[in-house]
Amino acid sequence: VVEKARFAVGTEVILWETGLPAGTPWSVTVRGISTNSTSNLLTVYELAGTYGFSVSPIPGFRSLPENGSFTVAGWGQSVLVQFIRLRPAPPQFNVSFVVSGLPWSTPVSITVRGAVQTTLAGDPLSTPRFSLINGSYGYDVGYVPGYHPDVPEKTFIVTGSALTIAVPFVPT
């Protein structure tokens with residue numbers, strides 16, 4: 001016998017999107033808390049009341065609505081978020097991350113805009129590559145026991161060409 005338990009405070013609110021390519025990360029912010037998804041469904045749990053939400057922008061798309069609201073009244077709620085591709089789509093540029101300072105083949109994850117890619121230290125065939133349009137971005141580096149990334153600011157700017165970001169690690 002297999003039972004599935006879900007422990008959540010509040011009533012389930014499902015936000016579902018249409019229009020994005022499969023696997024595209026998107027997020028919605030409700031009460032200052034962002035929830036991310038790479039599928040077409042995103043679930044939040046709220047107590048009874050009316051809540052505003054905002055949809056994070058996706059380069060090359062416009063969301064309808066960009067901001068909206070929903071009311072929770074004791075039963076499940078469903079909200080549609082439609083993404084419309086902007087024409088023409090802006091050009092994208094490869095952003096690569098090169099990890100150094102770790103033992104060979106140590107796995108490291110790099111996250112940009114909710115998309116996670118994993119690299120193996122020292123392996124040029126596993127270099128994470130993200131296709132991004134011009135703009136400013138932040139990134140996160142996964143935890144590696146005994147080491148930390150020696151990067152003062154985890155931000156970069158794409159300005160019309162490919163970019164390589166060095167991520168050196170040092171022992172803790």
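One can find the structure itself at the top, above this paragraph.
As the structure is a prediction and not an experimental result, all values here were calculated from the model.

As for its position among the elements, valine 158 is in strand β15 (residues 155-158). A relative accessible area of 3% places valine 158 in the buried class. Residues valine 158 and serine 34 lie 124 residues apart in sequence; the distance between their C-alpha atoms is 24 Å. Ignoring sequence-local partners within four residues, the contact set of valine 158 consists of Phe93, Val95, Leu132, Ile133, Asn134, Gly135 and Tyr137.

So, about the nonpolar core. Judged by nonpolar contacts, the single largest core of 22 residues is most densely connected at Phe97, Val112, Tyr139, Phe156 and Val167. For this core, the elements supplying multiple residues, two or more each, are β9 (93-100), β10 (107-112), β12 (129-132), β13 (135-141), β15 and β16 (163-171). Broken down by element, the residue count for this core peaks at four residues, all from β9. Those residues in contact with phenylalanine 156 that sit more than four places away from it in its chain are Val95, Phe97, Val112, Leu132, Gly135, Ser136, Tyr137, Tyr139, Leu163 and Ile165.

The description of an aromatic ring pair uses the distance of the two centres, along with the angle that the planes make with each other. All chains considered together, the criterion is met by eight aromatic pairs. Between tyrosine 137 and phenylalanine 156, the aromatic rings sit 5.5 Å apart at their centres with planes inclined by 20°, giving stacked as the arrangement. Of this pair, tyrosine 137 sits in strand β13 while phenylalanine 156 sits in strand β15, and the two are 19 residues apart along the sequence. An aromatic cluster is present here, built from Phe97, Phe130, Tyr137, Tyr139 and Phe156 joined pairwise through their rings.

On to the side chain of serine 96, then. By secondary structure assignment, the location of serine 96 is in strand β9. Residues in contact with serine 96, not counting those within four places in the same chain, are Thr127, Pro128, Arg129, Leu163, Thr164 and Ile165.

Pairing in this open sheet of four strands is mixed, and the strands run β12-β9-β16-β14 from one edge to the other. Two strands in the sheet have a free side with no partner beyond their single neighbour: β12 and β14 (147-149). Going from strand to strand, the sheet's axes swing by 25° on average, the running direction of each strand aside. Both β9 and β16 contribute to a ladder of six bridges, which runs parallel. Residue phenylalanine 97 lies in a different strand from β16, and its bridge partner there is isoleucine 165.

Here we come to the sheet that holds β10. In space, the four strands of this open sheet follow the order β11-β10-β13-β15, with antiparallel pairing throughout. Among the strands making up the open sheet, the edge pair consists of β11 (115-120) and β15. Geometrically, the sheet is characterised by an average inter-axis angle of 30° between neighbouring strands, direction not taken into account.

Now for unusual backbone geometry. For the bond from leucine 64 to proline 65, the omega torsion is 0°, close enough to zero to count as cis. Within the secondary structure layout, proline 65 lies in the loop between β6 (61-64) and β7 (67-72). Omega for the bond connecting arginine 87 with proline 88 falls within 30 degrees of zero, at -15°, which places this linkage in the cis form. Along the polypeptide, proline 88 turns up in the loop between β8 (77-85) and β9. The residue arginine 31 is not glycine, and still its phi comes out positive at about 55°. Locating arginine 31 in the fold gives a position in the loop between β2 (26-30) and β3 (33-37). Among the residues examined, arginine 31 registers a relative accessible area of 53% and is labelled exposed. In this structure, arginine 113 is a non-glycine residue whose phi angle is positive, near 55°. Relative to the helices and strands, arginine 113 is located in the loop between β10 and β11.

About the cut-offs
Residues numbered from 1 in each chain as written. Predicted model: local features only at pLDDT ≥ 70, side-chain atom pairs only at ≥ 80, totals over all residues. Heavy atoms only, no water. Helix = DSSP H or I, 4+ residues; strand = E, 2+ residues; numbered from the N terminus. Buried < 20%, exposed > 50% of the residue type's maximum accessible area, 1.4 Å probe, protein only. Contact = heavy atoms within 4.5 Å. Core = buried A, V, L, I, M, F, W, Y, C linked by side-chain atoms within 4.5 Å. Phe/Tyr/Trp six-rings, centres within 6.5 Å; stacked < 30°, edge-to-face > 60°. Pairing = 2+ DSSP bridges. Axes fitted to C-alpha atoms, helices over the stretch in contact; angles between N-to-C directions.

All quantities given are derived from atomic positions and should not be read as evidence of function.
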